[in-house]
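# Residue-level structural notes
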Amino acid sequence: MKTKIFIATFFIAVTSISAQTNLLRDGGFETPANNYVITNSGPNKFSNNGKWFVAFSLGGCGNGCCEGTSEFTTVDKKSGNSSLKIDIVRQTNRNDIRLFQTITGVSGGIYEVSFWAKSDKDGTPIAIDVLRGNQLGSNNGVEPFTGNFTTSTQWKQFKFNVDISGWLPEELELMRISIRPNNNKKLPEGPYPKTFWVDDVSFVAVK
């Protein structure tokens, strides 16, 4: 009887954790018409409408610091109907290209941030940042609020926990999740093409 009670209790606990609400809008990139915006400039201003943005920064480069395209694709995805595909034609610095979303109404606490990604080449870096609402768009992120990972040609999940219990109200308001492909400090080889796929991005409360 004790074993049965333990198993039931464990099942309820696991179910409760897995049922946590994802605070990101359309983390699986299923409805592009309603939840997606692309911009070819990189101003330090962010929409608070909760849509996904892909920013290709102009930066201080004469013809723009980077160039690329992004689209929802049904050809290759981790789950659901689609994923987000980012094709990079030209990139100078690690902040040139960012996929981000602003989140409103977040309370202080401990959260798990996670996402699935792959690229067209093994060993390609990618980062995800949890940024305060008053941080500039050019911010690189600082641990423990940044996870630095390495993609492969196969889908892999990346995740880590962040404690934002000490954030002030103005820092929580309009906070952002930001994913940066090719997040090297510098690309010494110069701009080169890369393709990334991102799917199932999640930001959920742990406790």
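Preceding block: the structure.
All figures in this text were calculated on a predicted structure; none of them were measured in a lab. (Residues numbered from 1 in each chain as written. Predicted model: local features only at pLDDT ≥ 70, side-chain atom pairs only at ≥ 80, totals over all residues. Heavy atoms only, no water.)

### Brief notes about the overall build of the protein chain
Broken down by element type, the protein chain carries three helices and 11 strands. Overall, the protein chain shows an N-to-C arrangement of helices and strands of α-α-β-β-β-β-β-β-β-β-β-α-β-β. Counting every position in the protein chain, which comprises 207 residues, the buried fraction comes to 44%. A fraction of 74% describes how many contacts in the protein chain between residues 6 or more apart in sequence connect residues 24 or more apart. Carbon and sulfur atoms make up 54% of the accessible area of the protein chain, which amounts to about 10,500 Å² in all. (Helix = DSSP H or I, 4+ residues; strand = E, 2+ residues; numbered from the N terminus. Buried < 20%, exposed > 50% of the residue type's maximum accessible area, 1.4 Å probe, protein only. Contact = heavy atoms within 4.5 Å. Areas by Shrake-Rupley, 256 points an atom, 1.4 Å probe, with all protein chains shown as cover.)

### Section: unusual backbone geometry
Of note in the backbone geometry, D26 takes a positive phi value of approximately 50° without being a glycine. Examined against the element boundaries, D26 turns out to sit in the loop between helix 1 (2-18) and helix 2 (32-35). Phi is positive for F29, close to 55°, though the residue is something other than glycine. Take F29: it is sitting in the loop between helix 1 and helix 2.

### Topic: the pattern of salt bridges
Tallying each qualifying case throughout the model produces four salt bridges. D76 is the salt-bridge partner of K118, the closest N and O atoms lying 2.7 Å from each other. Placement of the pair is K118 in strand 6 (residues 110-119) and D76 in the loop between strand 3 (66-73) and strand 4 (83-91), with a sequence separation of 42 residues. Linking D87 and K85 is a salt bridge whose minimum nitrogen-to-oxygen distance equals 3.9 Å. (Salt bridge = Lys/Arg side-chain N within 4 Å of Asp/Glu carboxyl O.)

### Details of the sheet that holds strand 11 (residues 194-205)
Ordered by their spatial adjacency, five strands build an open sheet running 3-4-11-6-9, and the pairing between neighbours is antiparallel. Strands at the two margins of the open sheet, each flanked by one partner only, are strand 3 and strand 9 (156-163). Each neighbouring strand pair of the sheet contributes to a mean axis angle of 25°, computed without reference to strand direction. With eight bridges connecting them, strand 6 and strand 9 associate as antiparallel partners. Note that in strand 9 the partner of I110 across the bridge is D163. (Pairing = 2+ DSSP bridges. Axes fitted to C-alpha atoms, helices over the stretch in contact; angles between N-to-C directions.)

### Let's talk about the packing of aromatic side chains
This structure, assessed with the given rule, holds nine aromatic pairs. Judged by centre distance (5.6 Å) and plane angle (75°), the rings of F29 and F72 are edge-to-face. Taken together, the residues span a long stretch of sequence, with F29 in the loop between helix 1 and helix 2 and F72 in strand 3 at a distance of 43 residues. A relative accessible area of 0% means that F29 is categorised as buried. Seen from the ring of W116, K78 lies directly overhead, with NZ or CZ sitting 4.3 Å from the centre. Note that K118 overlies the ring of W197, its terminal NZ or CZ placed 5.2 Å from the centroid. (Phe/Tyr/Trp six-rings, centres within 6.5 Å; stacked < 30°, edge-to-face > 60°. Lys NZ or Arg CZ within 6 Å of the ring centre and 35° of its normal.)

### Focus: the pairing of strand 11
In terms of residue burial, strand 11 counts as a mostly covered element, since 10 of its 12 residues are buried. Pairing of strand 4 with strand 11, which is carried by five bridges, proceeds in the antiparallel orientation. Each bridged residue has a counterpart across the sheet, and for D87 the counterpart in strand 11 is T195.

### Topic: the environment of F29
As a C-alpha pair, F29 and S83 span 54 residues in sequence and 5.5 Å in three-dimensional space. Those residues in contact with F29 that sit more than four places away from it in its chain are W52, F72, S82, S83, L84, L99, V198, D199 and V201.

### Looking at the side chain of Q135
When you line up the elements, Q135 lands in the loop between strand 7 (124-131) and strand 8 (146-151). A distance of 2.7 Å separates the side chain of Q135 from the backbone nitrogen of R132, its partner in a polar contact. Residues in contact with Q135, not counting those within four places in the same chain, are V130 and R176. (Polar contact = N/O pair within 3.5 Å; in protein donor to acceptor, adjacent residues only side chain to side chain.)

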